[in-house]
Amino acid sequence: MTDKFLVLWHSPPRLYKVRRDLSIDSDDAAIVSAVISMAKSLGLRVIAEGMETVEQLRFLKNLDCDLIQGYHFSQPLPADEFGKMLESGRKLSRS
């Protein structure tokens, strides 16, 4: 498996993390699909980081990925700016 993938085992919660640079049009897609399926069968939650495109988001949503983070939603923000964003009622795109 490439360095694009990282397994984090915490108790609780137990979490599998899919790392950035996901290519959905290659063998990576098959690997991610299999690993998410395996993680789910083990009762793990799955988080994907570094998602930048609508295509990546749709791919991961179709695989029932629990949590998704990345520039598709927002660049990293200082805590005070994040708080202001939440207070403004801004909704994140979930295309």
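Keep in mind that what you see is a predicted model, and the values were worked out from it rather than measured.

1. Considerations on the overall build of the chain
Across its full length, the chain holds three helices and four strands. In the chain, which comprises 95 residues, the proportion classed as buried is 27%. Long-range contacts, defined as pairs at least 24 residues apart, comprise 43% of the intrachain contacts of the chain with a sequence gap of at least 6. A total accessible area of about 6300 Å² is found for the chain, and carbon and sulfur atoms account for 52% of it.

2. Remarks on the pattern of salt bridges
As enumerated under the stated definition, the model contains two salt bridges in all. Of the charged contacts, one joins K40 and D64 as a salt bridge, the two residues approaching to 3.7 Å between their closest N and O atoms. Placement of K40 in helix α1 (residues 27–41) and of D64 in the loop between α2 (54–62) and β4 (67–68) is noted, with a sequence separation of 24 residues between them. Of the charged contacts, one joins D66 and K40 as a salt bridge, the two residues approaching to 2.7 Å between their closest N and O atoms. With a gap of 26 residues between them, D66 in the loop between α2 and β4 and K40 in helix α1 connect regions that are remote in the sequence. The partly exposed category is assigned to K40, whose relative accessible area is 26%.

3. Focus on the nonpolar core
Within the largest apolar cluster, 11 residues are counted, these being A29, V32, I36, A39, L44, V46, A48, M51, F59, L60 and C65. Among the elements that line this core, the one with the most residues is α1, at four residues.

4. Here we look at α1
An α-helical turn contains 3.6 residues, so any two residues separated by three or four positions project in the same direction. A rise of 1.5 Å per residue sets the reference length of α1, with its 15 residues, at 21 Å; its end C-alpha atoms lie 21 Å apart and thus fit the reference within 8%. For α1, the set of buried residues is D28, A29, V32, V35, I36 and A39. Projected down its long axis, α1 shows its buried positions confined to an angular sector of 135°, all on one face. Exposed residues pointing more than 90 degrees away from the buried face of α1 are listed as D27, A30 and S41. Trailing α1 by a residue or two, G43 shows a phi angle of about 80°, which is positive.

5. Regarding the pairing of strand β3 (residues 45–48)
With two bridges connecting them, β3 and β4 associate as parallel partners. Opposite I47, over in β4, you have L67 as the bridge partner. Once the chain exits β3 it traverses α2 before rejoining the sheet at β4, and the crossover so formed is right-handed.

6. Notes on the confidence of the model for the chain
Across the chain, pLDDT averages 76, with 68% of residues at or above 70. Ranking the helices and strands of the chain by mean pLDDT puts α2 first, with 88, and strand β1 (residues 5–8) last, with 49.

Thresholds applied
- Residues numbered from 1 in each chain as written.
- Predicted model: local features only at pLDDT ≥ 70, side-chain atom pairs only at ≥ 80, totals over all residues.
- Heavy atoms only, no water.
- Helix = DSSP H or I, 4+ residues; strand = E, 2+ residues; numbered from the N terminus.
- Buried < 20%, exposed > 50% of the residue type's maximum accessible area, 1.4 Å probe, protein only.
- Contact = heavy atoms within 4.5 Å.
- Areas by Shrake-Rupley, 256 points an atom, 1.4 Å probe, with all protein chains shown as cover.
- Salt bridge = Lys/Arg side-chain N within 4 Å of Asp/Glu carboxyl O.
- Core = buried A, V, L, I, M, F, W, Y, C linked by side-chain atoms within 4.5 Å.
- Expected span 1.5 Å × (residues − 1).
- Arc of directions from axis to C-beta.
- Pairing = 2+ DSSP bridges.
- Right-handed = clockwise from strand over helix to strand, strands pointing away.
- pLDDT = per-residue confidence, 0-100.

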